[in-house]
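# An overview of the molecular structure
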Amino acid sequence: MHAIVHNLIHIAVVLIAPPLLVGVINKVKAFFAGRTGPPLLQPYYDIIKLFQKGSVISETTTWVFLAGPPIALSTAILVSLLIPAAGSAAPISFEGDLILAAYLLGLGRFFTALAAMDTGSSFEGMGASREVTFACLAEPAFFLGLATTAKLTGSLSLSGMFGPELASHWSSAGASLALVFVGWFIVALAENSRIPFDDPNTHLELTMIHEVMVLDHGGPALGMILYGASIKLFVFAALLVRLATPIATRLPIVDWLIFGVGILGVAALIGVIESATARLRLSHIPVLLVAACLLCGFGLILLAR
Amino acid sequence: MAEWLDPLLILALALNFGALGVSRIRAVVNVVAAQGILLGVLPLFLHGGIGIRGFLLVATTVGLKGFGIPALLLHAMREVEIRHEVNPVIGFMSSLLLGAVGTGLAIVFARTLPLAPEHANTLIVPASLATVWTGFLMLTLRRKAIMQVLGYLLLENGVFIFGLLALEATPFLVEVGVLLDLFTGVFVMGIIIHHISREFSSTSMDRLSELKE
Amino acid sequence: MGVDAHPAGWFMSISLVLWGAATVGLSGVPGLFSSAERMSGQRLGAILAVLGCALGTAGVVEYWRSGATASIVAPWRIPEGEFAVELDGLSAFFLVPVFLIPLLGSIYGLEYWKQTERRRNGRKLRLFYGISTAAMALLVVARNGLLFLAAWETMALSAYFLVTTEDDDPEAREAGWIYLVSAHFSTLCLFAMFGLMRATTGSFAMESIGSGAITPGMKGMIFALALVGFGLKAGLAPLHVWLPGAHAIAPSHVSALMSGVILKMGVYGFIRTATLLPSVSVGWGAVVLAAGAISGIVGVVYAIGQHDLKRLLAYHSVENIGIIYMGIGLALIGRSIGRFDCVVLGLGGALLHVWNHAIFKSLLFLSAGSTIRATHTREIDRLGGLLKATPATGACFLAGSAAICGLPPLNGFISELLIYLGLFRISTGERAASFAPAAAGAAALATIGALAAACFVKAFAAVFLGSPRSHEGSHAREAPAAMLIPMIILVCMCFMIGLAPVSVAAPLDRATDRWIGAAVRDRGRLLDFAPLDRVGAAAIALFVVASIVGTLLVYRVKRTASRASTWGCGYVNATPRMQYTASSFASPLVGLFARMYRIRTVRPEVSPVFPRRASFESETSDLVLDGVVLPVFRFTAWVFSFARLTQRGSIQAYLFYILIFLLILLAWR
């Protein structure tokens, strides 16, 4: 009974909360820029509005163009059901679900890139090319981080790896976990196309990676993409929060509170970084991603000592 | 206090990677300065008290490595008007990877050394070896003379970490002497950089090969 | 053949397999006697091939049903040789692709390589297609070293004739030569290996060698020879030099056979040898794991740089063989440190990847063949927009692409999942010696997966999406049914293994029985270590969610959408030539791995005011082949050119040589 309630809350949270993160990031950025900024719930309004609009579809496209957004969204939703949120296990949890989660995100990326290429536009081609290139460098960092937590907890499911078992290791292997946290934070910024990798706020053609890929999508399709992207951001934020605070108290309400505050904290941190730093030159991005790999790998090597 | 030693050394290692992966010389100077300060305060975290002599050493090291030498280098940079390492011998990513391989090997190698039990489980020896390796990489893979000075500084930092093992045994005068040597070395290099740039209108070390005849 | 000598009779699984192999082997013969102008010979051949493959498959099914290992031993005239064949789990597992791919390939060939259109070489191709299949079937069941080598050599030679089907093409002849040289180097290693095994056991029978019966040095030598000899055939980098050329130049259903099945014979040989040898040290396991990881990364990195669709696919074979070897390396490590679960997962993943690779790589080669047939070019950057003209071929290629990238819910994901699970399990263990290679292996596998996805976004998008870039691409027509049906069957298999992975657990357990041994087997089966049921359920869930969301979108869009041209950011006169090309798409990745290629670019000189016509060219070539192997061969040829000094052309000189030689022999003590 308890588990069912927990799972229902989990599903509700991962389906409803994600756009709020984007709102928080924008609010923080507005604060640093001395503006009032859009309302906190603006991302919700945007998505709802987009779902009500019509769309224009390019003549060069085929069904692949339409398949991109739904696949990206549904993979993001499935992944959000695999990651642990507060205290207890995720709704879907089994040995090896970490690999399924990583590859589901890969599937979403694969089809988003294909949908971009389907328009025949050079801009979108560039975006797709960069997205898949940087994924090649972010992926090993992510897996090295996973190997670190798996090694510490001896578990091969996300719920176990980021469960209470991990908390006891913060004192003994804190340095490793801190390195993984930093590495993963870089990966999260890259995967979600945030500054310093990509600026989601510039004019569409001028952004380098994600936004330029979805240039030709409009209406409900764009709404799906925005919603899916916010879920993906939520997923990475949740992983970071669970990595930093893998605790479970007896009281579910306290757990959810900690989790919520943590998620908002990550969003605020991203907002601060976006306000304080500029976008990197494209040629420097691989260096930063390799650095993320090294941080995670280094965290792992320290465990072998 | 001693449990803070390893995290600080890991931070020092992370700074090594920073020094290898960045092309802006000002940023590298800052990274090396930060590492200098970090290493300067490390004796405070060692086992047991360090006494007045130690505090003096900490103050001198931090002052010199964290502020004195960097200020000198930044001055030299302004003088010769260079800001970027434009054309390194091998790319930044490859040097990062080389640094990582070296660090990994240092950790493996340190496990085979016959160390005193109180040092065997700390990162002192691997961090020292890895920092020396990074310094060598900077010395060999960068073309700008000022980057080579920074590589030399990293090398010295590595030696300094190794010195932590024998902090109790080393006389104060030796430590200060080493620091003084370092300062003189950097000072002389600063003058040399200045002259190279005036003579060749470039601070690339490649131009020095014209003198080989 | 001595089949009747055995009491079990004709319907025993092994006899069915042998009869099937014989039928397929002879399937090309009727064609030799029928007119080159007509299709009748090819039709009869295809019927025979299908019949033979069906017989063979029936034998495998009969084995799985009965569960009894069946063997036939008959005398053979070759000294020390013996016609010993046996069907066990491992052989049965490998027989499935051996019979499946030729079956589909023969049907495909009915339209793709029509006798009426290919009068010069159609009959030759079909003859050797059948013989190579029969040789592989025999190879997999052979239990005598000499019989194995005979089958091996037959397979290698008939594959040579398949590669050089179009022997009037100099490119084909060159690829054939390189293949022939490396195939014989491989055979040489195997001769040495079987020789050493005979020196240990006293006979050529392929039987398990007890750990007491062999010295560590001998074991290491046999293992190293197996790694090189079988690795050459499998195309393990850096021994892959023959592979890209041969696969690119051969007709597509031959490429499918070579990549899907012939390479796997190297894998089979290696696994069989490892089964016969007692446990090797952790170091050897780590070497195999590292070799696999290197092969995986090298293969996919080279694939990204290719402009030729079939060369690209060929390099992906190098990558996938690498993944298979990673699984084997994991199993070897697991066996030597006594981690039974890792043996089950590693070997299971490697074997399943053998099946999967046979399925999706054949699918990709067949759909590439159908594309080439429609457009007459293999150049990726000349194609584009083919999904509109050839929707079924395009959909098949897309399914194959997603499968080869290991994306759920297709079959590639399942085998990679097993290998990942094994790697993670070992890396959570205590021992540092096995922990480091395993963790590095997991990271390498992740990189390989992401790189493969990048490469197939490039390949699929450049060929099938956007609009046609050239005249050839805009006049394409869909392939006929005889070509589409084999492809569709393969797509269904990709989905079947991906959505119901539990179904492959039983054959996999059978196949790993020998390696693991009965005593340990009782501790658990594949399903005890891999949550295949959950993964299957998740894949189905993905399917359901995606279809719901997709239907929602299509429902909304269909009512409201209007059509317009692609947004050109203000530029209104965009042409198909302005699309992002495959080369541009790949260039960031090629730049990242620039040190691994030999990149040749021809840049135009653009004069500032009135630029003339200019062209830009870039080519990436193989560092191992063009940088190491060919220079070494050229140097060797140069060294031996001095031997020509003795070639005088006069009979007196040659008699004088004989005299000198006799004197030397006399002086020899």
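Just so we're clear, the structure is a prediction, and the values are computed from it rather than from any experiment. Along each chain, residues carry numbers from 1 onward, in the same order as the chain's sequence is written. Ligands are numbered from 1 and chains lettered from A, in the order in which they are written. At least 70 in pLDDT is required for a residue's local features to be given in this predicted model, at least 80 for side-chain atom pairs to be given and counted, and no such filter applies to totals for whole chains, interfaces and linings, which use all residues. Excluded from the side-chain calculation are hydrogens and water; included are all heavy atoms of the structure.

A run of DSSP states H or I qualifies as a helix once it reaches four residues; a run of E qualifies as a strand once it reaches two. Both are numbered from the N-terminal end. Across its full length, chain C holds 26 helices and 5 strands. Our radius of gyration is a C-alpha quantity, and the globule rule it is checked against amounts to 2.2 Å times the number of residues to the power 0.38. The globule rule puts the C-alpha radius of gyration for 669 residues at 26 Å, and the 26 Å found for chain C is close to it. Each of the 669 residues in chain C was classed as buried or not, and the buried ones make up 58%. We call two residues in contact when some of their heavy atoms are within 4.5 Å. For chain C, long-range pairs separated by at least 24 residues make up 81% of all intrachain contacts whose partners lie at least 6 apart in sequence. Per-residue accessibility, obtained with a 1.4 Å probe over protein chains only, is compared with the maximum for each type, and a residue is labelled buried under 20%, exposed over 50%, and partly exposed between these values.

Attention now goes to the overall build of chain A. A count of helical and extended segments in chain A gives 13 helices and 1 strand. For chain A, the N- to C-terminal ordering of α and β elements is α-α-α-β-α-α-α-α-α-α-α-α-α-α. Here the C-alpha radius of gyration of chain A, 19 Å, is about what a compact globule of 305 residues would show, namely 19 Å. Reported as C-alpha extents along the three principal axes, the dimensions of chain A are approximately 55 × 45 × 45 Å.

Many structure descriptions define interface size as the accessible area lost when the parts assemble. Tallying the contact residues gives 71 residues for chain C and 70 residues for chain A. In total, about 6200 Å² of surface goes out of reach between chain C and chain A, with carbon and sulfur atoms giving 75% of it. Simply put, the buried area is the total loss of 1.4 Å probe accessible area from both parts when two parts are fitted together. Together, Phe424(C), Leu553(C) and Tyr580(C) form the three largest contributors to the area buried by chain C at its contact with chain A, with a combined 11%. Within this document, salt bridges are pairs made up of a side-chain nitrogen of Lys or Arg and a carboxyl oxygen of Asp or Glu, the two lying within 4 Å of each other. For the pair chain C and chain A, the number of links is 1 salt bridge.

Glancing now at the nonpolar core. For this analysis, a nonpolar core means a set of buried residues of the types Ala, Val, Leu, Ile, Met, Phe, Trp, Tyr and Cys, connected via side-chain atoms within 4.5 Å. Judged by nonpolar contacts, the single largest core of 360 residues is most densely connected at Phe110(A) and Phe424(C). When residues in this core are grouped by element, the largest group, 23 residues, is from helix α17 (residues 432-464) of chain C. Setting aside its immediate chain neighbours within four residues, Phe110(A) contacts Leu398(C), Ser401(C), Ala402(C), Cys405(C), Leu407(C), Ala453(C), Phe456(C) and Val457(C). The next biggest cluster of nonpolar side chains, apart from the first, holds 30 residues, and it includes Leu64(B), Val80(B), Ala145(B) and Leu150(B).

A few words now on helix α12 (residues 309-336) of chain C. Helix span is expected to be 1.5 Å times the residue number reduced by one. Taking 1.5 Å of rise per residue, 28 residues should cover 40 Å, and α12(C) covers 41 Å from first to last C-alpha, within 8% of that figure. Polar contacts here mean pairs of N or O atoms no more than 3.5 Å apart (in protein, one a potential hydrogen donor and the other a potential acceptor; neighbouring residues in sequence count only if both atoms are side-chain atoms). One side-chain oxygen at the N-terminal end of α12(C) lies 2.9 Å from the backbone nitrogen of Lys310(C); it belongs to Asp308(C).

All names here are of chain C. Across the two faces of strand β1 (residues 70-75) the burial differs, with Ala 70, Ile 72 and Ala 74 buried and Ser 71, Val 73 and Pro 75 not buried at all. We treat two strands as partners when DSSP finds at least two bridges between them. Bridging between β1 and strand β2 (residues 82-87) involves 6 bridges; their strand directions are antiparallel. Across the sheet, residue Pro 75 finds its bridge partner in β2, namely Glu 82. Linkage of β1 to β2, two consecutive antiparallel strands, is achieved through a turn of 6 residues, within which Glu 80 is found at a positive phi near 70°.

Turning our eyes to something else, we now look at the packing of aromatic side chains. Two rings from Phe, Tyr or Trp (for Trp, the six-membered ring) form a pair when their centres are within 6.5 Å of each other. A pair whose planes differ by under 30 degrees is stacked, one over 60 is edge-to-face, and the rest are tilted. Counted by the stated rule, this structure contains 41 aromatic pairs over all chains. Each ring, one from Phe495(C) and one from Phe543(C), has its centre 6.0 Å from the other, and the planes form 85°; the classification is edge-to-face. Here Phe543(C) lies in helix α23 (residues 532-560) and Phe495(C) lies in helix α19 (residues 481-499), a separation of 48 residues in the sequence. For Phe495(C), a relative accessible area of 26% corresponds to the partly exposed category. With a relative accessible area of 42%, Phe543(C) lands in the partly exposed category. Each member of the aromatic cluster is reached from another via a ring pair, and the members are Tyr103(A), Phe142(A), Phe143(A), Phe162(A), Trp184(A), Phe236(A), Phe413(C), Tyr420(C) and Phe424(C). The ring of Trp242(C) carries Lys233(C) above its face, with NZ or CZ at 5.9 Å from the centroid. A ring is considered to have a charge above it if a Lys NZ or an Arg CZ atom is located within 6 Å of its centre and within 35 degrees of its normal.

Inspection of every chain in the model, using the stated rule, returns 24 salt bridges over all chains. Residue Arg109(A) pairs with Glu191(A) through a salt bridge whose shortest N-O separation is 3.1 Å. Here Glu191(A) lies in helix α9 (residues 174-191) and Arg109(A) lies in helix α5 (residues 97-118), a separation of 82 residues in the sequence. Using a relative accessible area of 10% as the deciding quantity, one classes Glu191(A) as buried. A network of salt bridges, in which partner residues are shared, links Glu86(C), Asp88(C), Arg143(C), Arg272(C) and Arg514(C).

Residues and elements named next belong to chain B. Surface patches are defined over residues having more than 30% relative accessible area and no salt bridge, joining like charges when they lie within 9 Å and nonpolar side chains (Val, Leu, Ile, Met, Phe, Trp, Tyr) when within 5 Å. Each accessible area value is a Shrake-Rupley result obtained with a 1.4 Å probe; residue values ignore everything except the protein chains displayed when judging cover. When charges are counted, Lys and Arg are positive and Asp and Glu negative, with His and the chain ends excluded. A single reference atom marks each charge: NZ on Lys, CZ on Arg, CG on Asp, CD on Glu. A contiguous patch of positive charge on the surface is contributed by Arg 24, Arg 26, Arg 78 and Arg 83. Residue placement: Arg 26 occurs in helix α2 (residues 25-41). The exposure class assigned to Arg 26 is partly exposed, which follows from its relative accessible area of 43%.

For Asn320(C), the location among the structural elements is in helix α12. Once residues lying within four places of it in the same chain are set aside, the contact partners of Asn320(C) are His353(C), His357(C), Phe360(C), Lys361(C) and Ile404(C).

What follows concerns helix α20 (residues 505-516) of chain C. Over its 12 residues, α20(C) runs 15 Å from end to end, which matches the ideal 16 Å to within 8%, given 1.5 Å per residue. At the C-terminal side of α20(C), Gly517(C) shows a positive phi close to 85°.

This part takes up the interface of chain A and chain B. Every contact between the two is made by 13 residues of chain A and, on the other side, 18 residues of chain B. Here chain A packs against chain B, burying approximately 1300 Å² in sum over the two surfaces, 85% of which is carbon and sulfur. Inspection of the region where chain A meets chain B yields 0 salt bridges. Seen at the junction of chain A and chain B, the total is 0 residue pairs in polar contact (both at pLDDT 80 or more). Broken down by secondary-structure element, the contributors of at least two residues to the side of chain A that touches chain B are α9 and α13 (285-304) of chain A. Broken down by element, the side of chain A that touches chain B gets its largest block of residues, 9 residues, from α13(A). Three categories are distinguished: nonpolar for Ala, Val, Leu, Ile, Met, Phe, Trp, Tyr, Cys and Pro, charged for Asp, Glu, Lys and Arg, and polar for the others, with Gly belonging to the last. Residue classes in the side of chain A that touches chain B are distributed as 11 nonpolar, 1 polar and 1 charged.

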